[in-house]
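Close look at the chain arrangement
Take a look at the letters that make up each chain.
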Amino acid sequence: MASYRVGVDVGGTFTDIVLLGSDGAIHTKKISSSVEDYAQAIVEGLVEVFAETGLAGAAIEEIRHGTTVASNAILEHKGARTGLITTKGFRDVLEIRTLRMPRMYDIGWTKPPPLVERYLRQVVDERLDAQGTVQRALDPRDAERAVDALLAEKVEAIAVCLLHSFTNPVHELLIRDLIRKKAPELPCSVSCEVLPEIKEYERTSTTVVNAYVTPIVSSYLKALRKGLDRAGVPARLLLMQSNGGLTTDAAAAERPIHIIESGPAGGVVGAQALARARRLAKLITFDMGGTTAKASIVEDGEVTRATEYSVGAGIMIGSRLLTGAGYTLKVPAIDLAEVGAGGGSLVWIDAGGALQAGPQSAGAFPGPVCYGKGGDTPTVTDANLLLGYLNPSHLVGGALKLDTAKAREVFAAKVAAPLGMGLEQAAYGAHLIAASNMIRAIKAVSTERGRDPREFALFAFGGNGPVFACGMAAALGMRRIVVPPSAGLFSSFGLLYADVEHHYSRTFRRLLRQADAPEIARAWDALAKQALDQLAVEGFAGDHAKIRRS
């Protein structure tokens, strides 16, 4: 009997499921996302696939999953109640941040609120110098006081980030052991384990984000595991990471910072696999779903990775001209530009009487007006339907019938009439505005990085990507468009082509003329051992494990 690997991509509007058999058979399913419990739609979708195909859960060998659970927790500020322990004098690093501002001359711009409120930040009177030498030893009673103060506030997770701990973790490990002794079940993130790198704000922010989302991600993965077990699917679960590699559910629950941008990565990995197979040297990937649109580049079969990025930045996470808006994560991630433009993006008129599209979205419920689920605000999908770009009888393979008359009525009343335009003219205006927003994302990964988009092919996927591809390519002077089969499910296909992959880093700060070669070798070997040990636990050893140094 054929065995199957499953790719599952959860979006803001739809959950996409692809089953790929060892005999080459493919089964697909698109189901509305269950926003209150994303795991529910995954389990229900698989059960429906089993009913349609006659497959059983035992035939599933592996489930590969891209999820937005962690990023949503940050965007919606629904993460865990988190405490922070840091060095005396560094209590406000999260608020001071860096000098980066996303709007250079906007004196009204305010920083996003820190994920840890000030009263939940405790300090300890200790100090290491930049070489890791102890200048002032940590008093165990001071550490105990800080831990007790946070436990009294009933925090759900604790982050520990002390000055210069990347050179010498002795004080952080003492606090970690104390927390485990007093509250063994409490999630604890320690910067020397999460990110042993220089730069105080980046290290503190990354460690705090890890602590903030750990309980949310852990609960989600447990709920998903239970749901799969009830449905008779004992297959192992792998999560897509922001860097384009896969990790186990156990590792993801411990270091959720690596799956923050899990959702968009699958499509880029799939585009990379196709680029290698078809020998496409230069691709710009364009993934437009129901809520957001993402762009990235693949050159010579390789994806581009950023060493740090911001989550919750709002405008465009990939633009290097617009930084400092969100919460910094100093971990490798596929270099993406993202805008709030999708099929569910609301079409509205601003206070100045100008037509706008997004970034607010109708989501899965109620969704666009034409879905007939109670939506009463026109969306980009409604505009595309009125323009004849969508077949009202064939969305999701005919499973979702579109109400053209209702879309026409609402669009006319709320957009065309107030603007004094004809219905088709207003709809085309909304389409062009959405396209112009997404062109900004493509420029962010091409012209802003010194690449000429005219030299690239536009690889369009997602439920709405191919609808906009021709107009955007023409505007950018791009002459070649690639649309994969089952474009609306392509991110799930991409998950099936990813490898299990982990990235490790540390700061090793020495004057080069005084560098000791054996000491550098020992530092490399320590990182390599950490990587190989992790892969061995996951079942990859010997020739199945490869190390790349950079």
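Structure first, text after, so check above.
These lines cover the structure that appears in this document, whether it is placed above or below.

Criteria and thresholds
Residues numbered from 1 in each chain as written. Predicted model: local features only at pLDDT ≥ 70, side-chain atom pairs only at ≥ 80, totals over all residues. Heavy atoms only, no water. Salt bridge = Lys/Arg side-chain N within 4 Å of Asp/Glu carboxyl O. Helix = DSSP H or I, 4+ residues; strand = E, 2+ residues; numbered from the N terminus. Buried < 20%, exposed > 50% of the residue type's maximum accessible area, 1.4 Å probe, protein only. Patch = residues over 30% accessible without salt bridge, like charges linked within 9 Å, V, L, I, M, F, W, Y side chains within 5 Å. Areas by Shrake-Rupley, 256 points an atom, 1.4 Å probe, with all protein chains shown as cover. Core = buried A, V, L, I, M, F, W, Y, C linked by side-chain atoms within 4.5 Å. Contact = heavy atoms within 4.5 Å. Pairing = 2+ DSSP bridges. Axes fitted to C-alpha atoms, helices over the stretch in contact; angles between N-to-C directions. Phe/Tyr/Trp six-rings, centres within 6.5 Å; stacked < 30°, edge-to-face > 60°.

This next bit is on the pattern of salt bridges. Under the definition given, this model contains 33 salt bridges. Put simply, Arg 255 and Glu 193 hold a salt bridge, and the shortest N to O gap is 3.9 Å. Of this pair, Arg 255 sits in the loop between helix H8 (249-254) and helix H9 (262-278) while Glu 193 is found in helix H6 (residues 191-194), placing the two residues 62 residues apart along the sequence. Here Glu 193 falls in the partly exposed class, since its relative accessible area comes to 27%. Linking Arg 510 and Glu 519 is a salt bridge whose minimum nitrogen-to-oxygen distance equals 2.6 Å. When its relative accessible area of 24% is taken as the criterion, Glu 519 is described as partly exposed.

Looking now at a nonpolar patch on the surface. Together, Tyr 389, Tyr 428 and Leu 432 make up an exposed nonpolar region whose accessible area comes to about 290 Å². Relative accessible area serves as the criterion here: at 42%, Leu 432 is assigned to the partly exposed category.

All right, on to the nonpolar core then. The biggest cluster of nonpolar side chains holds 77 residues, and the ones touching the most others in it are Leu 19, Leu 46, Ile 60, Ile 63, Ile 175 and Ile 260. Setting aside chain neighbours within four positions, we find Ile 175 in contact with Ile 85, Val 124, Leu 138, Ala 143, Val 147, Val 160 and Leu 162.

What follows deals with the sheet that holds strand S1 (residues 4-10). Read from one edge to the other, the open sheet built from six strands follows the order S3-S2-S1-S4-S11-S12, with strand pairing classed as mixed. Each of the sheet's edge strands pairs with one partner strand only, and the pair in question is strand S3 (26-32) and strand S12 (246-248). Recorded for the sheet is a direction-independent mean angle of 25° between the axes of neighbouring strands. In the packing of helix H1 (residues 38-53) onto the sheet, contacts are made with S1, strand S2 (14-21), S3 and strand S4 (60-66), and the angle to S3 comes to roughly 135°. Each of S1, S4 and strand S11 (236-240) is contacted by H9, which is oriented at about 90° to S11, the strand it contacts most.

With that out of the way, let us pick up the packing of aromatic side chains. One pass over the structure, following the stated rule, counts four aromatic pairs. Centre to centre, the rings of Phe 459 and Phe 461 are 5.6 Å apart; their planes meet at 65°, and the pair counts as edge-to-face. Comparing Phe 459 with Phe 461 shows no difference in burial state: the two are buried. Ring centres of Phe 459 and Phe 490 lie 5.2 Å apart, and the angle between their planes is 55°; on these two criteria the pair is classed as tilted. Note that Phe 459 is positioned in strand S23 (residues 457-461) and Phe 490 in helix H14 (residues 490-495), a separation of 31 residues in sequence. Across this residue pair, the class does not change: Phe 459 and Phe 490 are buried. Members of the aromatic cluster, each reached through a chain of ring pairs, are Phe 459, Phe 461 and Phe 490.

Extensive coverage of strand S14 (residues 293-299) is indicated by the burial of seven of its seven residues. Covered by surrounding structure in S14 are Ala 293, Ala 295, Ile 297 and Glu 299 together with Lys 294, Ser 296 and Val 298, the residues of both alternating faces. One ladder, built from seven bridges, connects strand S13 (residues 282-288) with S14; its direction is antiparallel. Within S14, the position partnered with Phe 286 by the bridge is Ala 295. What sits between the antiparallel neighbours S13 and S14 is a turn of four residues. Where S14 lies against strand S20 (residues 337-339), three bridges are found, and the strand directions are antiparallel. Within S20, the residue paired with Lys 294 across the bridge is Glu 338. In the sheet, S14 pairs with strand S15 (residues 302-303) via two bridges, with the strands oriented antiparallel. Within S15, the residue paired with Val 298 across the bridge is Val 303.

Nothing here speaks to function; it is all geometry.
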